[in-house]
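Take a look at the letters that make up each chain.
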Amino acid sequence: MSDEPNTGDGMRLPVEPTSGPSSATGPAVPDAGSVSVAGTGAADQDGPVTGRASGVGITLLLFGLLVASWFVQLSFALQGEFGPSEDRLSGGGMLGGFMLGAAIAIGSPIVVLILQARVHKRTPRHSIIAVIGAVVVLIIAVPMNAIVVGLQAVSVISGS
């Protein structure tokens, strides 16, 4: 027999269960369109992680800028050591070039870290690949540039 009551005219009305799902049918799962408001940020934690591809692209760009900063520093070093005597850079000119390369190598990951922090504040499920890439670039760039700029600054101060 069926759970649908008979209306007398041959049509049966559907019967809705009065209680929630039984333990035999499994736990209740909210549908994909509903938004949970049980806790703070619960709606933000549902859904996929965003920004993976852009994070990889930003990381590759940061490593490219790191290599470009080395080329900038190398070009200033070669101009200062092997350039024509009338166009040869002084120690201060080389120091300025090294600082320009350091600004490219260190400044760009810092900007990425600031921007990614703002994005992550708005979208907690945003990928942190760009943040990890920026930290790795900073770990490489800061010590190397500190040594290069520091040695050139000592050379300029000592006057040799």
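Residues numbered from 1 in each chain as written. Predicted model: local features only at pLDDT ≥ 70, side-chain atom pairs only at ≥ 80, totals over all residues. Heavy atoms only, no water.

(A) Here's a closer look at helix α2 (residues 52-82). Helix length check: α2 (31 residues) gives 45 Å between terminal C-alpha atoms against 45 Å at 1.5 Å per residue, within 8%. For α2, every residue scored as buried is listed here: Gly55, Thr59, Leu62, Leu66, Ser69, Gln73 and Gly80. Close packing links the buried residues of α2 with α3 (91-122) and α4 (129-158). (Helix = DSSP H or I, 4+ residues; strand = E, 2+ residues; numbered from the N terminus. Expected span 1.5 Å × (residues − 1). Buried < 20%, exposed > 50% of the residue type's maximum accessible area, 1.4 Å probe, protein only. Contact = heavy atoms within 4.5 Å.)

(B) Focus on the packing of α2 against α3. Where α2 contacts α3, the two axes come as close as 7 Å, and the packing angle between them is 170 degrees. As the angle between them shows, α2 and α3 are arranged roughly antiparallel. Here the residues of the contact of α2 with α3 are counted per class, giving 15 nonpolar, eight polar and one charged. (Axes fitted to C-alpha atoms, helices over the stretch in contact; angles between N-to-C directions. Parallel < 35°, antiparallel > 145°, perpendicular 65-115°, else oblique. Nonpolar A, V, L, I, M, F, W, Y, C, P; charged D, E, K, R; others polar.)

(C) Geometry of the environment of proline 124. The topology assignment puts proline 124 in the loop between α3 and α4. Among the residues examined, proline 124 registers a relative accessible area of 36% and is labelled partly exposed.

(D) Spatial organisation of a nonpolar patch on the surface. Taken together, the side chains of Val67, Trp70, Phe71, Leu74, Leu78, Phe82 and Met144 present a nonpolar region at the surface, about 710 Å² in accessible area. Mapped onto the elements, leucine 74 comes out in helix α2. (Patch = residues over 30% accessible without salt bridge, like charges linked within 9 Å, V, L, I, M, F, W, Y side chains within 5 Å. Areas by Shrake-Rupley, 256 points an atom, 1.4 Å probe, with all protein chains shown as cover. Salt bridge = Lys/Arg side-chain N within 4 Å of Asp/Glu carboxyl O.)

(E) Local environment of α4. With 30 residues, α4 should cover 44 Å at 1.5 Å per step; its first-to-last C-alpha distance of 43 Å lies within 8% of that length. Every buried residue of α4 is accounted for by Ala130, Gly133, Ala134, Val137, Leu138, Ala141, Asn145, Val149 and Gln152. Where α4 is buried, its residues meet α2 and α3. One or two residues past the end of α4 sits glycine 159, with phi positive at roughly 85 degrees.

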